[in-house]
There are 4 protein chains.
Amino acid sequence: MPAETIESFVRNQPRAEMQRVEDYAEAIDALSVCVKACTTCADACLGETSHVAELRRCIRLSLDCADVCALTARLLLRHTEISDLVVSAQLRACVTACQACAEECRKHSGAYEHCHLCANACRNCQQRGSYLIGEVVSFGLGAGAPQLAVRLAG
Amino acid sequence: MPAETIESFVRNQPRAEMQRVEDYAEAIDALSVCVKACTTCADACLGETSHVAELRRCIRLSLDCADVCALTARLLLRHTEISDLVVSAQLRACVTACQACAEECRKHSGAYEHCHLCANACRNCQQRGSYLIGEVVSFGLGAGAPQLAVRLAG
Amino acid sequence: MPAETIESFVRNQPRAEMQRVEDYAEAIDALSVCVKACTTCADACLGETSHVAELRRCIRLSLDCADVCALTARLLLRHTEISDLVVSAQLRACVTACQACAEECRKHSGAYEHCHLCANACRNCQQRGSYLIGEVVSFGLGAGAPQLAVRLAG
Amino acid sequence: MPAETIESFVRNQPRAEMQRVEDYAEAIDALSVCVKACTTCADACLGETSHVAELRRCIRLSLDCADVCALTARLLLRHTEISDLVVSAQLRACVTACQACAEECRKHSGAYEHCHLCANACRNCQQRGSYLIGEVVSFGLGAGAPQLAVRLAG
């Protein structure tokens, strides 16, 4: 789904007026791409008949990264009664998972195109996630008080 | 993510050679859009301050539909050792969830743009899912023997 | 979590008065056990250093079954505005996934204890799911009108 | 599922020999209970006919907490090629989500038994998660080098 379509979903959220809608849309899009890339990569590694064993770490990290990114996208799609503490902690876990998976996939990028695509998707997702965390940190982090949405609105 | 990008992921699957890659890519894309639309719609309904109670059914069905579509997309992204029985049973559950959610959301389409967008996303997803089921039925259904992928390749 | 604890959760659901609470609690418990067994089995197969390739189908079906059961449990835990069509379609997909996984795991039961445990968990889950479907069928299935809960109340 | 059953799953993991198996089993059990409690609570709040609006924050945080705990349990169930950085980051996100949900649910504990049960499940889960994080910190955290499992084995 192109980021503009996600943007239209996000814009039609009754509490979304003040958000940096595009930042959100791009992060959610990157997460969605990453879920697909990681799920495909884990599965494709499993299908590499005589090399499954050496791709074990790649499979594991791709499974984790797909799960973590799917969850993170889900949290970002929800705007009602956001807990900024929860969202930012999850963003950090997501960035960590993307980095670990990207590093491992990059080792196999030369041999397998699915690893190459997955490494790129993870890197992009990691960058978008880090950027969102940066936004949160710049505008301060209280004990769940004001909404992430409001902060991001700048 | 545009369908072409998903196509590149799917193509780089070692067992994908014979698949109707575009059909898969479009179904996965429709599912992914539907997850976002339903998650947003459930959350946005929750945010409609004085109308939450009347949107209760819409929230419930959107939560279910988001969960069902996310799972179905995940199964379709995996090509290694597919069980056609499992995949087609899940596709049927997905089509049912999309239809139920679309019907409910359409009732609120005039009042809420998020319901309108969600109804459309569900309808599209339902059609893609039904089409894939049709493909499976046309080519027969054995007890998990040949791969759905091979059948769909025609 | 023992079934009694789940029962206390289910009982404290404002719409649960008339449900066959124990049937639900036992099905949810079986699904929860199955998620754990399948996730563990997929992972343990991946860890069987020199046998990963021959366990590929087991890994795939266990991943699918874990995902399908986790989703099905989630639907059963929700009682507000149930769509009986959606729930029963998902139960059928779940029973199919459990059967496919149990069959494959049983082939490796002699060699691997994790496959043995997983086959048992899948069988139990399949039986609980089939029983719930039977209940639904016995009490009729309308187009989403009365709640599954009410029907099951007998 | 009682912790002993999970323990038998975990023990039959080829890489689990050295783990503090019981700690893991108890954490996974607490997470599993919390997923059920939060899913039920969000749904039950939605069913509280005339009070849905005031329970909005409770619904949101329960949905998030259910999603986060389900993911965290999944990561802990996997022992092959663990990334301790990923797992500990996810544990932190989980503890944060549990705390936020427990706090909100406690406000409604007097009025709703489902909120009371959910608050307790979240607190227990938060404590188990914090304990596991503490174990990781005590044994050091390198850049993904030795396995969390090995560290926890003490």
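Residues numbered from 1 in each chain as written. Chains lettered and ligands numbered in written order. Predicted model: local features only at pLDDT ≥ 70, side-chain atom pairs only at ≥ 80, totals over all residues. Heavy atoms only, no water.

(A) Quick peek at the overall build of chain A. Scanning chain A from N- to C-terminus turns up six helices and zero strands. Counting from the amino terminus, helix and strand elements in chain A follow one another as α-α-α-α-α-α. Looking at chain A as a whole, 67% of its 154 residues qualify as buried. At a minimum sequence separation of 6, the contacts of chain A that also span at least 24 residues come to 69%. For chain A, the exposed area adds up to about 4900 Å²; of that, 52% sits on carbon and sulfur atoms. (Helix = DSSP H or I, 4+ residues; strand = E, 2+ residues; numbered from the N terminus. Buried < 20%, exposed > 50% of the residue type's maximum accessible area, 1.4 Å probe, protein only. Contact = heavy atoms within 4.5 Å. Areas by Shrake-Rupley, 256 points an atom, 1.4 Å probe, with all protein chains shown as cover.)

(B) View of the packing of helix α3 (residues 56–77) of chain C against helix α4 (residues 84–107) of chain C. Residue and element names in this part refer to chain C. Direction vectors running N to C along α3 and α4 enclose 150°, while the axes themselves pass 9 Å from each other. Regarding the angle of α3 to α4, the classification is roughly antiparallel. In this structure, the crossing between α3 and α4 has a hand that is left-handed. Here Arg-57, Cys-58, Leu-61, Ser-62, Cys-65, Val-68, Cys-69, Leu-71, Thr-72, Leu-75 and Leu-76 of α3 come into contact with α4, specifically with Val-86, Val-87, Gln-90, Leu-91, Ala-93, Cys-94, Ala-97, Cys-98, Ala-100, Cys-101, Glu-104 and Cys-105. (Axes fitted to C-alpha atoms, helices over the stretch in contact; angles between N-to-C directions. Parallel < 35°, antiparallel > 145°, perpendicular 65-115°, else oblique. Left-handed = near helix turned anticlockwise from the far one by under 90°.)

(C) Representation of the relation of the copies chain B and chain A within the structure. Mapping chain B onto chain A leaves a residual RMSD of 0.0 Å; the transformation is a rotation of 180° accompanied by 0.0 Å of translation along its axis. In the structure described here, the two chain copies are related by an operation that fits a two-fold rotation axis. Both copies contact each other with a shared surface, as 100% of the interface residues of chain B are interface residues in chain A too. (Least-squares fit on C-alpha atoms with pLDDT ≥ 70 in both.)

(D) Summary view of the environment of Arg-106 of chain B. Residues and elements named next belong to chain B. Residue placement: Arg-106 occurs in helix α4 (residues 84–107). On a C-alpha basis, the gap between Arg-106 and Leu-117 in space is 9.3 Å, while along the polypeptide they are eleven residues apart. Those residues in contact with Arg-106 that sit more than four places away from it in its chain are Ala-119 and Arg-123.

(E) Up close: the pattern of salt bridges. All chains considered together, the criterion is met by 36 salt bridges over all chains. Salt-bridge contacts for Glu-81 of chain D lead to Arg-57 of chain A; the nearest nitrogen and oxygen are separated by 3.5 Å. Taken together, the residues Glu-81 of chain D in the loop between α3 (56–77) and α4 (84–107) and Arg-57 of chain A in helix α3 (residues 56–77) connect one chain to another. Accessibility expressed as a relative area gives 17% for Glu-81 of chain D, which makes it buried. One network of salt bridges, in which partners are shared, links Arg-60, Asp-64 and Asp-67 of chain A, Arg-74 and Arg-78 of chain B, Arg-60, Asp-64 and Asp-67 of chain C together with Arg-74 and Arg-78 of chain D. (Salt bridge = Lys/Arg side-chain N within 4 Å of Asp/Glu carboxyl O.)

(F) Representation of the interface of chain B and chain A. Listed per partner, the contact involves 34 residues of chain B and 34 residues of chain A. Applying the counting rule to chain B against chain A returns two salt bridges. Across the pair Arg-74 of chain A and Asp-67 of chain B runs a salt bridge whose closest N-O atoms are separated by 2.7 Å. Those elements that place two or more of their residues in the side of chain B that touches chain A are α1 (3–11), α2 (21–47), α3 (56–77) and α5 (113–138) of chain B. If you tally residues by element for the side of chain B that touches chain A, the top one is α2 of chain B, at twelve residues. Across the side of chain B that touches chain A, the residue classes tally to 14 nonpolar, eleven polar and nine charged. (Nonpolar A, V, L, I, M, F, W, Y, C, P; charged D, E, K, R; others polar.)

(G) Highlighting the interface of chain C and chain A. Residue-level contacts link twelve residues of chain C with twelve residues of chain A. For the pair chain C and chain A, the summed buried surface comes to about 870 Å²; carbon and sulfur atoms form 62% of the total. The three residues of chain C that bury the most area against chain A are Leu-46, Val-52 and Arg-56 of chain C, which together make up 54% of that side's buried surface. At the boundary of chain C with chain A, the tally comes to zero salt bridges. Counting every contact that joins chain C to chain A gives two residue pairs in polar contact (both at pLDDT 80 or more). Elements that contribute at least two residues to the side of chain C that touches chain A include exactly α2 (21–47) and α3 of chain C. When grouped by side-chain class, the residues that make up the side of chain C that touches chain A number five nonpolar, two polar and five charged. (Buried area = accessible area lost by both parts, 1.4 Å probe. Polar contact = N/O pair within 3.5 Å; in protein donor to acceptor, adjacent residues only side chain to side chain.)

(H) Main features of empty space enclosed by the protein. Applying the stated criterion across every chain, the model contains ten cavities of 30 Å³ or more. One number sums up the size of the largest cavity: a volume of about 1000 Å³. Together, 40 residues line the largest cavity, and Asp-67 and Arg-74 of chain A, Arg-74 of chain B, Arg-74 of chain C together with Arg-74 of chain D are the ones closest to its centre. Mapped by element, the contributors of at least two residues to the lining of the largest cavity are α2 (21–47) and α3 of chain A, α2 and α3 of chain B, α2 and α3 of chain C together with α2 (21–47) and α3 of chain D. Considered class by class, the residues forming the lining of the largest cavity number 22 nonpolar, six polar and twelve charged. Counted as a void, the second largest cavity has a volume near 230 Å³. In this structure, the second largest cavity is lined by 22 residues; those nearest its centre are Leu-63 of chain A, Arg-78 of chain B, Ala-42 and Leu-63 of chain C together with Arg-78 of chain D. In terms of residue class, the lining of the second largest cavity is made up of ten nonpolar, two polar and ten charged. (1 Å grid on protein atoms, 1.4 Å probe; cavity = no way out; pocket = protein on both sides within 12 Å on 5 of 7 lines; lining within 4 Å. Points joined across faces, edges and corners; volume = space filled by probe spheres on them.)

Honestly, it's all geometry; don't read function into it.
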